[in-house]
Structures are given as structure tokens and as C-alpha cells.
Amino acid sequence: MDRRKFFKASLAGGAALATGAASCPAQARDNKSLPPEALGLLFDSTLCVGCKACVAACKEANGMPPEFSTQDQYWDTPLDISGKTLNVIKAYKHGTLEKKDGEENGFAFIKKSCMHCVDPSCVSACPVQAMKKDPKTGIVSYDKDACIGCRYCVAACPFGVPRFTYDSPTPRISKCQLCVHRHKDGKYAACAEVCPTGATLYGTVADINKEIARRKALKPGEKTQFPRGRLGGPDQSYPGVAAKYLDHTYGEKEFGGTQMLLLSGVSFQKLGYPDLPPRSDAALSETLQHTLYGGLIAPIAVLGALTFVAKRNVKPEDEEGGHHG
Amino acid sequence: MADHAHAPRPLGGNLLTPFTLLLGVLAAIAAAILLYRFINGLGAVTNLNDGYPWGIWIAYDVVVGSAFACGGYAMALLVYIFNKGQYHPLVRPALLASLFGYTLAGVSVIFDLGRWWNFWHIFWPGYAQVNSVMFEVAVCVSAYIVVMWIEFSPAFLEKWGMKDVKQKLNKLLFFFIALGVLLPSMHQSSLGSLLVIFGRQIHPLWQSGVLLPVIYLMTAILLGFAVVVFEATLSSAGFGRPLETKVLTPLSKIMYWLLAAYVVVRVLDLVFRGALGTAFAATWQAFWFWVETAAFVVPLALLSTEQARRSAAKLFTGAVLLMLGGMLLRINGFLVGYMTGDGWHYFPSFAELMVTVGIIAFEILAYIYIVRNYPVLPAAQPATR
């Protein structure tokens, strides 16, 4: 008696689960693709001189407070991005520091700010749509009025980008939004606008990719023109000499691609950028969730089976304990 | 089974004892710390940082806390779905512990939310983001808390003499019981799925990808059984009642085989992902992995015979070890194995720990209050004394 019911219950549950599992291949999702008018940044480490004009301009454009890391608190000296800092320049140093862009006995500068992933973990993780990716420009923006402050985005981002203001009773997430609030005035990302060497360039990802291809085709030491500010904007280019680039363009394949792309002479892992697989974590996470819960098909099927079994096993008696095994 | 002798009854007795007083003081300390936290922000009382944005208030209070509260779920699954009626006397006390465990896990999320006044956005169309694992967890846990209060309401309705309502509810109870089995199956597995999107930030020993929901669900049920054994032993000692070995021994047999299945799944997952090698590195992660593994494997040896499962001491030891193992699996996954790069450290502050302690104290206090005043525990049978 018992055994038969047990068997039936198992069978019903199994069938329901199988129904749910069968609907999975249709819902498995790949990495998302680049939005049609994707905007982004090109950071060329070989052009960066470490002046940090971009850090100061970012603070001003976004109304962020200064942050101090020295004893005398004279000026803004952030060491990393934080709740008060959306963009920093960090230095790589090795040995005698003789050679710029050299891994051995050399140094290099690297920018850290939001990568504006093609398939961002923060957007997938956020339970309340406070993190959004613009369907046209692909800019990943944050809405504090929607945010519940759960910090799942902070934990999920493989680049460690969204930051949080833990010291405030009304905290918020801080991250680069590519100065989207300045676009209506015809302005663009402040970091690119002020960069004196064009190490940080603003533009469409299509234009950025063309510029990357052009630079990589140059021979080291070859004379060329380097644009500044905004690709496709007024000509602010200046003559310079091509450096020796790594083959690797960071952000081209990593994590399903990013809209900030990086060129360098020093390996990106040495510059503090993580080694990431080509598949985004969001793709796997959402595939799993949609397989289990897509259209609520599996949960409803399982609930049906459970209700059927429970109806038979739960006796609506007033006195509890009336069940005989 | 002698039905009437086993029907649940209020225990009565004195509520104010040195033990309950201590629990009350601990709960009050936690309340004071939380007040300070809401005025001054999370940073004022916690050691949270951008490398470890989640601390023990999430990893323990919510993830472990809700798994410890799976007794009601595990027993409902056994009694009402697999029709093992002989375990029926264990359902109500287990459900009560689950009710408090879950309600407090749910409430304690608010303590951790930075912008807590917006928490309702999760349930609101236009804000709710259905691709988020956290959305599934939040909605499902909230729904389960409501369902559990409905499931448990016969105990209150009995006490308040609302016979009509109780009878009407009884007719529909089977549906709430079915929901009460479905919902924890969903969110307990999803608590594991939360880690999928962390990708390589989770140490390979705990980044099981699509198997995370399976691993978390199996251990949630396992923990449910272990907690029932644990609570039955403690409440028999604490309230001077006979230990129900007659039901606990066969229950632990089911627990034993589920444990065996879990260990097989866990090991195969590590082998097939090629992660097992990292367990032999000289790292903290490897160390805690072995502590976790021991906590699962020792009960496998300890409770392997029917005779061992009749021993109250061995049952209790096995249950405690399993609870430790389930807790470590979660703490390891969410904190020890969470690696966001060099330079980040987290260990809970004293204040953070005191809040967690206070929540547990409040839970025990509420449990004692309810079983003394409402019909929850089965009346003791003098014959078995």
C-alpha cells in the first residue's frame, strides 16, 4: 500500500519534472549581441602618460566627492574606483622602470572603470531593473530610485565595477554611465574629452574597432596620427609614433565582449584585468533560470502533481494524528 | 498509533527562566545594533566592503538560516507526498521551527538591504526583473512564508476556538501543503543558483554551475531531516519529554540514504569538472572544503547500521554534523570560496555577529513561547517513559 503510493508519487513528480526539462533547449540563451549603435571607449595604454586629467574630469562631471589616500588631505587621491570614484588610472611597475610599456623593468598605465559589457552580469543579477542596458547605445546605467541596495550587482560583476556607499544611511551604487547625462548637451564622456594624448577615446564601437585595426596594422616606431576626444568628431589629432601592441584586444571576446576596449603593450592580467571565458555568466544563469521556470510551465506541472498526491494523503479531519502508515 | 494521546497540546509552564531571560537580552542587543545601523548605514556596524558586498547577514542569516528552517518542508514532503503517516507527530513542531526560521530569514534581508524602503519593488510589475535569480528567491521565499502561516494556522485556530474557520481551511489544506512543498524546492535550489552568475569569482570547489540547484536542494532536504532530529532531541531534553526514537530511527534511515546520494553527486561533480585537484592545494579554501566534507562523511559512517540509528547520542551527533556540513557548504560557497581579487578581506565584525546571535535567540524565544501556549508538540505518552 505504502510502497505503491510512494511509487506513484515519485512517478508523477518525475513526469512533471521531465515536462519542464523538455522545454529547455528552446530557451537556452547565448551571449547577447552588440546593440546597433553601441557606444564605448577605447583605452590605449601605450598612449597614457598617467596625468589623471580623466580622473579629475570624471569627478567634476559626475559631482563626486574627493577621496583621500595621503595623510595631508590636499587633493583627490583615489587608489581605486569606489562609492566616490568612478574612474581611476593605475600604474604597473616592474624592476628598474626603464621602459614604458615594457613588462620587464618597465611601467605602464591602465584605466579602470565600467566595461559596459555586451551581456552584463549586473543587469542580469539586479532583481528590480535598477541596472539597465540601453537597447540602442548599450550604455549600462543605474537608477537609484529603483535600487533596493542588495548589492547583487557588486558581487556579480567580474570586473569589480559597481561600488556601494556603505557609510551612508541612504546608500547607492556608483558606476560609470559613460556620462549619459551630458549627451543632451552634445557632450560625451568627460574622461575622453579631456585626455591630452587620446589614450581614452570616445565613439561608436564600430569606429573604435576600425581604429584598433588601424593601430594594430602599424609597425612599431611608425609615424602616424592619433585622434583625440571623440572618434567621428572634430579633428583633434596629433602626430605620434606607434608602440608595440599585444595581439590581444581586451574586451573583444572576454565575457561575450565589452564596449570599453583596451590596447596595451603589457599583458592585461599584469595590468589587473581578469582572465575571463568568452561566454557571459549571465547567459548561463538565465538559461538555467528559464529552463526551470520559463513560462512557469515546470512549477505549475509539479504543483499539479503535488496537489493531486497531497489531496489523497491529507485527510481533512479535525483531529490530527489520524494517519496510519 | 494512539491518536488522541498523540494529539498536539500546549505544554504550559513558566515562560520566565534564566535561559529565556538571556535570550531576551541577546535579542535586545541585536535590536539596538540594528537601530544604529539604520541611522548610520551598513558601514557603521559591518565589515562589508566592495570586495565582499555580502557578509554573514546574507550567507548565514538568509542562506543558512532558511536551509536550517527546512524541517517543515522535509517533513511535509515525507508525510503528505510520500504518505509516510507515521511521521505525522513531527510535522507541527518542525513546521513551527520553519515558520520562525523563514520569517526571520525573510525579515533579516531588510537589515541588509541598503535601500530597504524600496524592497517592495521586487514584487512590483515594472520593477521586477524576472531574469534575476534573486527575484525568484525573494518572491518564492515570501510566498512560502505566507503559505506556512496558513499551514500552521490550525494551531492558532484551535487555541482561539475558531472551529468553523478551521474546518473550512482543513478542506483546502492539501493545496497549501502542495504549495508548501513546491516553493521551498524552488527557492532552496535557487539559493544555490545565485552563485552561477559569480562565475570564476567562486572557487572551483563550490562553482558547480548548473548542478548548484541540485546540490543546494539535496542538502536543504537533508538539513530539514537533520534539524528535525536535532530539535526533537533538544525539546525532549529541554521540556522533559520522552525522545521519540520510534519515529526518529526510521527517519534517520531516509536521511542516511539521501546523504549517501548527495555525497555521490558532490564527488562526481568535482571529478567531472576537474576541480578535485584544487582540494589538495595548501589554501584556506581547501582546508574548509575538507572540514565540510568530513561533516558530511562522518555521519555516513556513524549512522550506517540500524543499531547506530537507535542510539539517541549517535543520532544527535550525526544530525549536528550534518547541520555543520550544510552550513559550511553555504558559508564556503558564499564567503570562503568567494574571491574577488587581491586585497579584499572580510571577517564579520562583533556587531554583525551579535545581530546574527540575537536573531537566533529571538527565534528560540518565540518557539518556546508558542509551544508553551499553543498546541504544537504531541502530548507525551506516559507508557513510553
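Everything numeric in this text was worked out from a predicted model, so none of it was measured. (Residues numbered from 1 in each chain as written. Chains lettered and ligands numbered in written order. Predicted model: local features only at pLDDT ≥ 70, side-chain atom pairs only at ≥ 80, totals over all residues. Heavy atoms only, no water.)

## Focus on the overall build of chain B
Which entries qualify depends on this criterion: The helix count covers DSSP runs of H or I at least four residues long, the strand count covers runs of E at least two residues long, and both are numbered beginning at the N terminus. Note that the radius of gyration is over C-alpha atoms, with the globule rule given as 2.2 Å times the number of residues to the power 0.38. Only protein chains enter the accessibility calculation, which uses a 1.4 Å probe. A residue is then buried if its area is under 20% of the maximum for its type, exposed if over 50%, and partly exposed in between. For the accessible areas, the method is Shrake-Rupley and the probe is 1.4 Å, while residue cover comes only from the protein chains on display. Neither His nor the chain ends contribute to the count of charged residues, in which Lys and Arg are positive and Asp and Glu negative. Think of each charge as sitting on NZ of Lys, CZ of Arg, CG of Asp or CD of Glu.
A count of helical and extended segments in chain B gives 13 helices and zero strands. Listing each helix as α and each strand as β along chain B from the N terminus yields α-α-α-α-α-α-α-α-α-α-α-α-α. Its C-alpha atoms give chain B a radius of gyration of 21 Å, within 12% of the compact-globule value 21 Å for 385 residues. Based on the C-alpha atoms only, the size of chain B along its principal axes is roughly 60 × 50 × 45 Å. Across the 385 residues that make up chain B, the buried fraction comes to 60%. Accessible surface, chain B: about 15,100 Å² in total, of which carbon and sulfur atoms supply 73%. One finds the centroid of the 22 positive side-chain charges in chain B at a distance of 10 Å from the centroid of its 16 negative side-chain charges.

## What about the nonpolar core?
The following threshold applies: The criterion is simple. A nonpolar core is a set of buried Ala, Val, Leu, Ile, Met, Phe, Trp, Tyr and Cys residues joined through side-chain atoms within 4.5 Å. It only takes one pair of heavy atoms within 4.5 Å for two residues to be counted as in contact.
Counting 166 residues, the largest nonpolar core has Tyr-152 of chain A together with Met-75, Phe-198 and Leu-251 of chain B as its most contacted members. Among the elements that line this core, the one with the most residues is helix α6 (residues 133-159) of chain B, at 15 residues. Setting aside anything within four residues of it in sequence, one finds Met-75 of chain B in contact with Tyr-80, Tyr-87, Leu-90, Val-91, Ala-94, Phe-225, Val-228 and Leu-251 of chain B. Of all hydrophobic cores here, the second largest spans 50 residues; its members include Cys-54, Ala-189, Leu-231 and Leu-276 of chain A.

## Quick look at the packing of aromatic side chains
To keep things clear, this is the line we draw: Here a Phe, Tyr or Trp ring, Trp counted by its six-membered ring, pairs with any other such ring whose centre lies within 6.5 Å, and the pair is stacked when the planes are under 30 degrees apart, edge-to-face when over 60, and tilted otherwise. In this scheme, Lys NZ or Arg CZ marks a charge over a ring once it lies within 6 Å of the ring centre and within 35 degrees of the ring normal.
Applying the stated rule across the entire model yields 37 aromatic pairs over all chains. Arranged with centres 6.4 Å apart and planes meeting at 80°, the rings of Phe-159 of chain A and Tyr-250 of chain A form a pair that is edge-to-face. Taken as a pair, Phe-159 of chain A in the loop between α5 (152-156) and β7 (163-164) and Tyr-250 of chain A in the loop between β11 (238-241) and β12 (260-263) lie far apart in primary sequence, 91 residues in all. Residue Phe-159 of chain A shares its accessibility class with Tyr-250 of chain A, and that shared class is buried. Plain terms: the ring middles of Trp-54 of chain B and Phe-334 of chain B are 6.2 Å apart, the flat faces sit at 25° to each other, and that makes the pair stacked. Residue Trp-54 of chain B is located in the loop between α2 (18-40) and α3 (56-68), and its partner Phe-334 of chain B is located in helix α12 (residues 312-336); the two are separated by 280 residues in the primary sequence. Judged by relative accessible area, Phe-334 of chain B falls into the buried class, the value being 5%. Members of the aromatic cluster, joined through ring pairs, are Tyr-152 of chain A together with Tyr-52, Trp-54, Phe-198, Phe-334, Tyr-338 and Tyr-346 of chain B. Across from the ring centre of Phe-164 of chain A, 5.3 Å away, lies the NZ or CZ of Arg-151 of chain A, which sits over that ring. In this structure, Arg-309 of chain B is placed above the aromatic ring of Tyr-256 of chain B, and the distance from its NZ or CZ to the ring centre is 5.5 Å.

## What about the confidence of the model for chain B?
Cut-off, in case you're wondering: The quantity called pLDDT is the predictor's confidence in a given residue, expressed from 0 to 100.
For chain B, the average pLDDT comes to 91, and 97% of its residues sit at 70 or higher. Listed scores for the predicted complex are pTM 0.91 and ipTM 0.92.

## Topic: the sheet that holds strand β9 (residues 200-204) of chain A
Residue and element names in this part refer to chain A. Defined as follows: Following DSSP output, two strands are said to pair if at least two bridges run between them. Helix axes are fitted only over the stretch in contact, all axes being lines through C-alpha atoms; the angle between N-to-C directions runs from 0 to 180 degrees.
Pairing within the open sheet is mixed, and its three strands lie in the order β9-β1-β12. Of all strands in the sheet, those bounded by a partner on one side alone are β9 and β12. Between one strand axis and the next, the sheet turns through 20° on average, direction left out of account. Of the pairings in the sheet, the one linking strand β1 (residues 39-44) to β12 comprises four bridges and is parallel in character. From the neighbouring strand, Leu-41 faces β12, where its bridge partner is Met-260. Its contacts with the sheet put helix α7 (residues 205-217) on β1, β9 and β12, and the angle it makes with β1 is roughly 25°.

## Details of unusual backbone geometry
Residue and element names in this part refer to chain A. Unusually for a residue other than glycine, Gln-129 sits at a positive phi of about 60°. Inspection of the secondary structure puts Gln-129 in the loop between α4 (121-125) and β5 (131-133). In this structure, Arg-151 is a non-glycine residue whose phi angle is positive, near 70°. Looking at where Arg-151 falls in the secondary structure, it is placed in the loop between β6 (140-142) and α5.

## A word on the interface of chain B and chain A
Often the size quoted for an interface is simply the accessible area lost on bringing the parts together. Inclusion rule: Note on terms: buried area is the combined drop in 1.4 Å-probe accessible area of two parts once they are placed together, counting the loss on both. Any carboxyl oxygen of Asp or Glu that lies within 4 Å of a side-chain nitrogen of Lys or Arg is treated as forming a salt bridge with it.
Between chain B and chain A, the contact holds 72 residues from the first and 73 residues from the second. With both sides pooled, the region where chain B packs onto chain A buries about 6,300 Å², and carbon together with sulfur makes up 59% of that total. Between the two partners, chain B and chain A, sit two salt bridges. For Arg-151 of chain A, the salt bridge goes to Asp-112 of chain B, with nearest N and O atoms at 2.7 Å.

## Some details on the state of the cysteines
What counts, and what does not: Two cysteine sulfurs form a disulfide in these notes if their separation is within 2.5 Å.
According to the stated counting rule, one finds zero disulfides over all chains in the structure shown. Cys-195 of chain A takes part in no disulfide bond, and the closest cysteine sulfur to it belongs to Cys-51 of chain A, at a distance of 6.4 Å.

## Structural notes on the pattern of salt bridges
Counted under the stated rule, the structure contains 21 salt bridges over all chains. We note a salt bridge from Arg-273 of chain B to Asp-269 of chain B, for which the minimum N-O separation is 2.9 Å. A residue is classified by how much of its surface remains accessible, and Asp-269 of chain B, at 5% relative accessible area, is buried. Note that Glu-306 of chain B and Arg-309 of chain B form a salt bridge whose closest N and O atoms lie 3.3 Å from each other. Taken together, the residues Glu-306 of chain B and Arg-309 of chain B, both in helix α11 (residues 306-310) and three residues apart, mark about one turn of the helix. Take Glu-306 of chain B: its relative accessible area is 33%, and that puts it in the partly exposed class. Among the ionic contacts, a cluster of salt bridges with common partners joins Asp-44, Glu-211, Arg-214 and Arg-215 of chain A.

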